[in-house]
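Listed below, chain by chain, are the residues.
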Amino acid sequence: MVKSKTGVLVINLGTPDSPSVSDVRKYLREFLMDRRVIDIPFWRRFLLINLIIAPFRAPQSAKGYQELWTAQGSPLKVYGQKLEALLLKTLGPAFEVKLAMRYQSPGIKQVVAHFRDKGFKQLVVIPLYPQYASSSTGSTMEEVMDGIKGWEVIPEIKMISQFFDHPLFIKAFAENGRKHMAEARFDHYLFSYHGLPEHHILKSSCDNYCRLGECCTVFNGKNQYCYRAQCFETTRLLVKELGIKKEDYTICFQSRLGKAPWIKPYTDEIIKQLAGRGVKKVLVFSPAFVADCLETTIEIGVEYKKLFLEHGGEQWQLVESLNVQAIWVECLKQIIISHCEE
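Everything in this summary refers to the structure shown in the same document.

Criteria and cut-off values
Residues numbered from 1 in each chain as written. Predicted model: local features only at pLDDT ≥ 70, side-chain atom pairs only at ≥ 80, totals over all residues. Heavy atoms only, no water. Patch = residues over 30% accessible without salt bridge, like charges linked within 9 Å, V, L, I, M, F, W, Y side chains within 5 Å. Areas by Shrake-Rupley, 256 points an atom, 1.4 Å probe, with all protein chains shown as cover. Salt bridge = Lys/Arg side-chain N within 4 Å of Asp/Glu carboxyl O. Helix = DSSP H or I, 4+ residues; strand = E, 2+ residues; numbered from the N terminus. Expected span 1.5 Å × (residues − 1). Bend = angle between axes of the 7 residues up to and from the residue. Buried < 20%, exposed > 50% of the residue type's maximum accessible area, 1.4 Å probe, protein only. Contact = heavy atoms within 4.5 Å. Pairing = 2+ DSSP bridges. Right-handed = clockwise from strand over helix to strand, strands pointing away. Phe/Tyr/Trp six-rings, centres within 6.5 Å; stacked < 30°, edge-to-face > 60°. Core = buried A, V, L, I, M, F, W, Y, C linked by side-chain atoms within 4.5 Å.

**Things to note about a nonpolar patch on the surface**
So, point 1. A cluster of nonpolar side chains, namely Phe42, Trp43, Phe46, Leu47, Leu51, Ile52 and Phe56, defines an oily patch on the protein surface of about 820 Å² accessible area.
So, point 2. With respect to the helices and strands, the residue Trp43 is situated in helix H2 (residues 42-68).

**Section: H2**
So, point 1. Compared with the 39 Å implied by 1.5 Å per residue over 27 residues, the 32 Å span of H2 between its first and last C-alpha is markedly short.
So, point 2. Maximum bend of H2: about 45°, positioned at Ile53, with proline Pro55 one to four residues after it.
So, point 3. The complete set of buried residues in H2 reads Arg45, Ile49, Asn50, Ile53, Ala54, Ala58, Ser61, Ala62, Gly64, Tyr65 and Leu68.
So, point 4. Against helix H1 (21-32), helix H3 (75-91) and helix H10 (294-310) lie the buried residues of H2.

**A short note on the pairing of strand E4 (residues 156-159)**
So, point 1. Bridge count for strand E3 (residues 122-127) against E4 is 4 bridges, and the pairing is parallel. The residue of E4 that forms the bridge with Leu123 is Ile157.
So, point 2. In the classification by handedness, the crossover that spans E3, the intervening helix H5 (residues 134-148) and the parallel E4 is right-handed.

**Considering the pairing of strand E5 (residues 188-194)**
So, point 1. Buried residues dominate E5, accounting for 6 of its 7 residues.
So, point 2. Examined bridge by bridge, E5 and strand E7 (residues 281-285) share 4 bridges and lie parallel to one another. The residue bridging Phe191 from the neighbouring strand is Phe285, located in E7.
So, point 3. Where E5 lies against strand E6 (residues 249-254), 6 bridges are found, and the strand directions are parallel. Paired with Leu190 across the bridge in E6 is Thr250.

**Here's the deal with the packing of aromatic side chains**
So, point 1. All chains considered together, the criterion is met by 16 aromatic pairs.
So, point 2. Here Phe163 and Trp328 contribute two aromatic rings whose centre-to-centre distance is 5.6 Å and whose plane-to-plane angle is 40°, an arrangement assigned as tilted. Here Trp328 lies in helix H11 (residues 326-340) and Phe163 lies in the loop between E4 and helix H6 (167-181), a separation of 165 residues in the sequence.
So, point 3. Using a relative accessible area of 2% as the deciding quantity, one classes Phe163 as buried.
So, point 4. An aromatic cluster is present here, built from Tyr27, Phe31, Tyr65, Trp69 and Tyr103 joined pairwise through their rings.

**Regarding the nonpolar core**
So, point 1. Among the nonpolar cores identified, the biggest contains 59 residues, and Leu87, Phe169, Phe191, Tyr227 and Trp328 are the most heavily contacted of them.
So, point 2. Excluding anything up to four places from it in sequence, Tyr227 contacts Gln131, Tyr132, Ala133, Tyr193, His194, Leu196, Ile201, Phe253, Ile263 and Ala288.
So, point 3. Core analysis: the second largest hydrophobic core is formed by 20 residues, Tyr27, Leu32, Ile49 and Leu68 among them.

Given below as structure tokens:
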């Protein structure tokens, strides 16, 4: 048996342990108390989350999770566990792969502790967020570093901050889309990404003069960590791969929370506009998510579909996430190996 030389830590956002209101409330509290998610002073965040958001939002979110849940559990965790096994198999005996969740279980610090005394030469950390955002990738990396900081021997650590433009990532999503495009003709294509508060973007903008203008729609070396620019670049690559015309697609952002302005345009408003101008058939991509979850299956697949049909639409089709698709597994393998060779 070959001794492992490299540890691989694959991390996704997380999921409640069950769809019960109490477990959903526990998950929301941990998630929203993260200073990178809601970046206001601790005491204000504590009161807001524990007295307002978690108590009132948990019952509503629990209904969504109950609809999402399968016999095996939360799809995000189920697919994560399958992905862990597939990566372990395809990478071979020189690697050891573990799945962790930023929030809830299996927790990052719990999983990182597994690697502590392995004597690995390298540890590769890959958060499963294609586009970089402080509230997702940044938070995940901070938690990993916090779990490692007390080790006596810290191996070489490779942190992969983004892969939104990797050719196989684009190819994998395009392949999922082509299956639906082969079965029906669509009037319009939506690319719906998870939203962020505008000030999150401005804090990490390419320069001090950025105000969510054109520089946030064109990806370049100056704005390489601008989430909005990365979303636009992912879409540009996907529509090029799929041969979709400029006038036939729209980029939008979903899942906003609270009254502060989030990055625009908003998905729900775009849906009403499309239906209002007579668009009847829409195919929706969600390239910020690599596994089926509440935001894709329920928010896009159920709630937004209902909204579209209520406003006169006829067909609303969600392109499934990458989950354990073969090209996606190969994509991750290539990303991991390329970072090991640097």
